[in-house]
Amino acid sequence: MPSARLLVLFGSQTGTAQDVSERLGREARRRQLSCRVEALDSYPVVNLINEPVVIFVCATAGQGDPPDNMKSFWRFIFRRSLPSTALRQMDFAVLGLGDSSYKLHRRLLQLGGSALLPVCLGDDQHELGPDAAIDPWLQDLWEKVLGPHPVPLNLDLSPPGVPWPSKFTLQFLKDTPTSGPEELCVAGTDPQGPPSELQPFLAPMVSNQRVTGPSHFQDVRLIEFDISGSGMSFVAGDVVLIQPENTASHVQQFCQVLGLDPEQHFTLQPREPGEPPRPRHSHCGQGLASGPGRLAAVRVALPAEAALPLPPQVLCDFPHTAAAIPPDYLLDLLPLIRPRAFSIASSLRAHPSRLQILVAVVQYRTRLREPRRGLCSSWLASLDPVQGPVRVPLWVRSGGLTFPKTPDVPVIMVGPGTGVAPFRAVIQERVAQGETGNVLFFGCRRRDQDFYWEAEWEQLQARGCLTLVTAFSREQEQKLYVQHRLRALGPLVWELLDGRGAHFYLAGNAKYMPADVCDTLLSIFREEGGLSGPDATAYLAQLQRTRRFQTETWA
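Once a new chain begins, its residue numbering starts again from 1 and follows that chain's sequence as written. Thresholds applied to this predicted model are a pLDDT of at least 70 for local features of residues and 80 or more for the giving and counting of side-chain atom pairs; totals over whole chains, interfaces and linings are not thresholded and use all residues. The side-chain figures draw on all heavy atoms in the structure; neither hydrogens nor water molecules are used.

Draft legend 1. Fine view of the pattern of salt bridges. A carboxyl oxygen of Asp or Glu within 4 Å of a side-chain nitrogen of Lys or Arg is what we treat as a salt bridge. If you walk through the whole model with that rule in mind, you get 15 salt bridges. Residue R31 is joined to E27 by a salt bridge in which the shortest nitrogen-to-oxygen separation is 3.8 Å. We classify E27 as buried; its relative accessible area is 19%. Here R354 ties to D226 by a salt bridge, and the two come within 3.2 Å at their closest N and O atoms. Of the two residues, R354 sits in strand β14 (residues 354-360) while D226 sits in strand β9 (residues 220-226), which places them 128 residues apart along the sequence. One continuous salt-bridge network, built from bridges that share partners, spans R23, E27, R31 and D135. The classification of residues rests on relative accessible area computed with a 1.4 Å probe and restricted to protein chains. Under 20% of the type maximum is buried, over 50% is exposed, and intermediate values are partly exposed. Helix and strand assignments come from DSSP, with helices taken as H or I runs of at least 4 residues and strands as E runs of at least 2, each series counted from the N terminus.

Draft legend 2. Structural detail: the sheet that holds strand β20 (residues 467-472). In spatial order, the strands read β20-β19-β18-β21-β22; together these five strands make up an open sheet with parallel pairing. A strand with exactly one partner marks an edge of an open sheet, and here the two such strands are β20 and β22 (549-554). Taking each pair of neighbouring strands and ignoring which way they run, the sheet shows an average axis angle of 10°. For two strands to pair, DSSP has to find at least two bridges joining them. Note that strand β18 (residues 411-414) and strand β19 (residues 438-444) share four bridges and pair parallel. The residue of β19 that forms the bridge with V414 is F441. The contact definition used throughout considers only heavy atoms, calling two residues in contact when any of these lie within 4.5 Å. Simply put, an axis is a line fit to the C-alpha atoms, just over the touching stretch for a helix, and the angle between two N-to-C directions goes from 0 to 180 degrees. Contacting β18, β19 and β21 (503-509), helix α14 (residues 490-500) crosses the sheet at an angle of about 130° to β18.

Draft legend 3. Molecular detail of the environment of H250. Relative to the assigned elements, H250 resides in helix α5 (residues 248-258). Classification of H250 as buried rests on a relative accessible area of 11%. For H250, the side chain forms a polar contact with the side chain of T247, separated by 2.9 Å. Nitrogen and oxygen atoms within 3.5 Å of one another constitute a polar contact, given that in protein one can donate a hydrogen and the other can accept it, and given that sequence-neighbouring residues count only through two side-chain atoms.

Draft legend 4. Quick peek at the confidence of the model for the protein. Of all residues in the protein, 83% have pLDDT values of 70 or greater, and the mean over the chain is 84. Residue range residues 181-185 is modelled with pLDDT below 50. Its contacts to residues more than four positions away, or to other chains, number 16 contacts. On a scale of 0 to 100, pLDDT captures the predictor's confidence in every residue.

Draft legend 5. Fine view of the sheet that holds strand β8 (residues 201-210). Pairing within the open sheet is antiparallel, and its six strands lie in the order β13-β10-β17-β8-β9-β14. For this open sheet the edge positions go to β13 (340-343) and β14, each flanked by a neighbour on one side alone. Taking the axes of each pair of neighbouring strands and ignoring which way they run, one obtains an average angle of 40° across the sheet. Inspection of the sheet shows strand β10 (residues 239-242) paired to β13 by four bridges, in the antiparallel sense. Bridge pairing links V239 to S343 in β13.

Draft legend 6. Molecular detail of the nonpolar core. Side-chain atoms within 4.5 Å link the members of a nonpolar core, which is a set of buried Ala, Val, Leu, Ile, Met, Phe, Trp, Tyr and Cys residues. Of all hydrophobic cores here, the largest spans 30 residues; its most connected members are F423, I427, L440 and W457. Of all the secondary-structure elements, those providing two or more residues to this core are β9, β18, α10 (421-432), β19, α12 (454-462), β20 and β21. Once you skip the residues sitting within four places of it in the chain, F423 turns out to touch L401, F403, M413, V414, G415, L440, Y505, L506 and A507.

Draft legend 7. Structural context of α5. Of the residues making up α5, those classed as buried are H250, V251, F254, C255, V257 and L258. On an axial view of α5, the arc spanned by its buried residues comes to 160°, and they lie on one face. Along α5, exposed side chains directed more than 90 degrees from the buried face belong to A248, S249 and Q256. To obtain the arc, one takes the directions from the helix axis to the C-beta atoms.

Draft legend 8. Layout of the packing of aromatic side chains. Aromatic pairs are defined between Phe, Tyr and Trp rings, using the six-membered ring for Trp, whenever the two ring centres lie within 6.5 Å; interplanar angles under 30 degrees are classed as stacked, those over 60 as edge-to-face, and all others as tilted. Counting across every chain of the model gives eleven aromatic pairs. Arranged with centres 4.8 Å apart and planes meeting at 65°, the rings of F525 and Y539 form a pair that is edge-to-face. A residue pair is termed long-range when its members are at least 10 positions apart, and F525 in helix α15 (residues 513-527) and Y539 in helix α16 (residues 533-545) qualify at 14 residues. Residue F525 is classed as buried on the basis of its relative accessible area of 0%. The rings of F442, F451, Y452 and F472 are connected pair by pair, giving a single aromatic cluster.

Pasting the structure below:
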């Protein structure tokens, strides 16, 4: 190997940054570079002073916040006591999937690091996805890295068409093991700390109710879990993470196309020292290196779901090619199924020992014959507690929305569609505390098809606990959205924000709505507050800096 030691550190919230980091690792090894890929919070940050070349891949959670597996690193790297020459020996580059990348780049420069390249910012909203910016940036990166550390003449650069050795070796067993740890690793009666990804709580599903009309284009579910005895606690704004499974039919289809027996037992060993073993099965953080596993039990995202860009039809259309994939490469090609985060839609004050979520079942058509389906939402929708006991592995974590603790501070909430879920939790919590300054702007298509919690909202409004403003976009010739209702009530919005110090919250789809709502707010600031254009922009920025304007949006 050349003398360069390349380290790739990632901070990932949904897994995208981890995917990009693993791609970096593969490309580095193809160039005969020694490379390690690690999560930021699992890396001993004090060792950075000994690293010659480090690539940081950072996602952003919430409003420019670092992701969960980066927070400890973030707190350390921003300590004021760190000397300005701490990283003078380190060359670095930052590949960002959000605003936090610019902050990290500046901080590394302040600590003496030398930037190989400007920050790369991958944009999920680009028509070609984040790769549109990442691909050319990586080309420049390898030129910079290999400049002082060229590949030796006696080592060839592996051509793109030649596969690099797989990360793992998979050995099928001729005989079925007499015993094997196939049990789920879940939080038991005496858990080591609160439920987590490594030790989720198997929550009994209490109900799974469709809350959209039968003729509505989308299936939306209100799902309730019993969390008695879990040790979990949450407040409004928190999220629950759910670990889904592949359906039995997709596992069978996958194994059939690849010519594999789903009941075949095997062992799995990492090729390189320090490579973490992959989990054995659905809810266990253990690795296969310590014992045999079963193909049908391995927790990987099968291409039957929207978790991968390869639907099953691709495998079925090329059966000979699919069947020729060496088993050793399966875990290089298929990622682990990642947990899915949902806004918690209930308060423990209103529903003790219960946790509720609002789930839109993802299904859409492409040019391919089979519709694309969201792995987690489709799996949840298929579970029916009426037919028998159902348990779902889950755990909770802090969310991106925080609500005022000071009494009598009004809150304005804009939550069209399923974006209303976190606001139901906060309204329940605030009403239980006697807070009445709750203003909710809710939008959907039709009152009789997708007006979630209609009776509950109207009851709270009758009690004087809630001001409800609705926008039913398809019930008149001209479409009516939440931003139109917001503008119509501009005097009230301005009075609450400027006169009473209200907090403003926005949740929902990130495509058009957030920008439209922000434009509407700027218009209200100008027309109701008498501010100039620049002053209105500065006013909104001030609300954001002081956390009086918060958003939770998704693509």
